[in-house]
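Breakdown of the fold
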Amino acid sequence: MNRKVVAIMGTYRRGCITEQTVDAILGAIGKRGGQGEKIVLLDEKIEFCRNCRTCTQESEDKRRGRCVIEDDMDGVLAKIDAAAALILAAPVNFSNTTAIMKRFIERLICYTYWPWGKTIPVNRIKRSEKRAMLFTSSGAPAIINRIIMPCPLKALKIAANVMGARVKKSIYMGSAGKDQGEKLGAGDLSRAESAAAWLLG
């Protein structure tokens, strides 16, 4: 049984709340007999999408089209395709997800079929058992963030769906980043344990 969970992390600050949360979830997954892998977008060579749409022209029955750009993206997507579950994690920057995460998301157009002459793209993956969990954080209280800044989670959810993953849970951590050396609390670690259980089903 596939129990591989891949986490895509789109933060600029290493070792802070986003990475601590991802590490806690992956640690809990390991304790439950799963296998976790963290992909740090900051460490990957991923170019901007050129909007050439070459990848969207390939046969509709393919899981994803082939991008013409030769960088690390194909290897990242191969790991995602082989995973049973995904974590998409990035903090809020200027009321949305980070630019480095958005750059990754734009390259996901390869999961759509959009031949010339068609008005809109359609997702290639119609049904999937892949699960996804979303994480984002901001300095304001979480309940306020969900109301006034819904864009980060919305962007991450669209990304998960186009990759064929069903979002099972989202965490919007508020009041984060107040202190430079901030650490996760007991409640945060408990949520990480619960997230691991949701992801592994």
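Up top is the structure.
Figured I'd write up the structure that's included with this text. Nothing here was measured: the structure is a model prediction, and the numbers come from that model. (Residues numbered from 1 in each chain as written. Predicted model: local features only at pLDDT ≥ 70, side-chain atom pairs only at ≥ 80, totals over all residues. Heavy atoms only, no water.)

Turning next to the side chain of Lys130. Within the secondary structure layout, Lys130 lies in strand S8 (residues 130–137). In this structure, Lys130 is buried with no salt-bridge partner, the nearest side chain bearing the opposite charge being Asp81 at 5.8 Å. Of note is the side chain of Lys130, whose polar atom sits 2.9 Å from the backbone oxygen of Ile80. Lys130 has contacts with Arg63, Ile80, Asp81, Ala83, Ala84, Ala85, Leu86, Met163, Gly164, Ala165 and Arg166, leaving out every residue within four places of it along the chain. (Helix = DSSP H or I, 4+ residues; strand = E, 2+ residues; numbered from the N terminus. Buried < 20%, exposed > 50% of the residue type's maximum accessible area, 1.4 Å probe, protein only. Lys, Arg positive; Asp, Glu negative; His and termini not counted. Salt bridge = Lys/Arg side-chain N within 4 Å of Asp/Glu carboxyl O. Polar contact = N/O pair within 3.5 Å; in protein donor to acceptor, adjacent residues only side chain to side chain. Contact = heavy atoms within 4.5 Å.)

Linking two cysteines covalently via their sulfur atoms produces the bond known as a disulfide. Scanning the model with the defined rule gives zero disulfides in all. Cys49 carries a free sulfur, and the closest cysteine sulfur to it, the one in Cys55, is 6.6 Å from it. Judged by relative accessible area, Cys49 falls into the partly exposed class, the value being 27%. The thiol of Cys67 is unpaired, and the distance to the nearest cysteine sulfur, on Cys55, comes to 5.8 Å. Overall, Cys67 belongs to the partly exposed group, its relative accessible area being 24%. (Disulfide = S-S within 2.5 Å.)

Right, let's talk about the sheet that holds strand S1 (residues 4–9) for a bit. The strand order across the open sheet formed by five strands is S2-S1-S3-S8-S9, and the pairing between neighbours is parallel. Two strands in the sheet have a free side with no partner beyond their single neighbour: strand S2 (35–40) and strand S9 (165–173). Taken over all neighbouring pairs, the strand axes of this sheet differ in orientation by 15° on average, direction set aside. Sheet strands touched by helix H2 (residues 73–82): S1, S2, strand S3 (85–89) and S8. Its angle to S1, the strand with the most contacts, is close to 140°. (Pairing = 2+ DSSP bridges. Axes fitted to C-alpha atoms, helices over the stretch in contact; angles between N-to-C directions.)

Residues in a regular strand point their side chains to alternate faces of the sheet. For S8, the buried fraction is high: seven of the eight residues fall into the buried class. Sheet topology note: the S3/S8 ladder contains five bridges and is parallel. Within S8, the residue paired with Ala85 across the bridge is Arg131. Judged from the eight bridges that link them, S8 and S9 form a sheet pairing that is parallel. Looking across to S9, one finds that Arg131 is bridged to Arg166.

Honestly, it's all geometry; don't read function into it.
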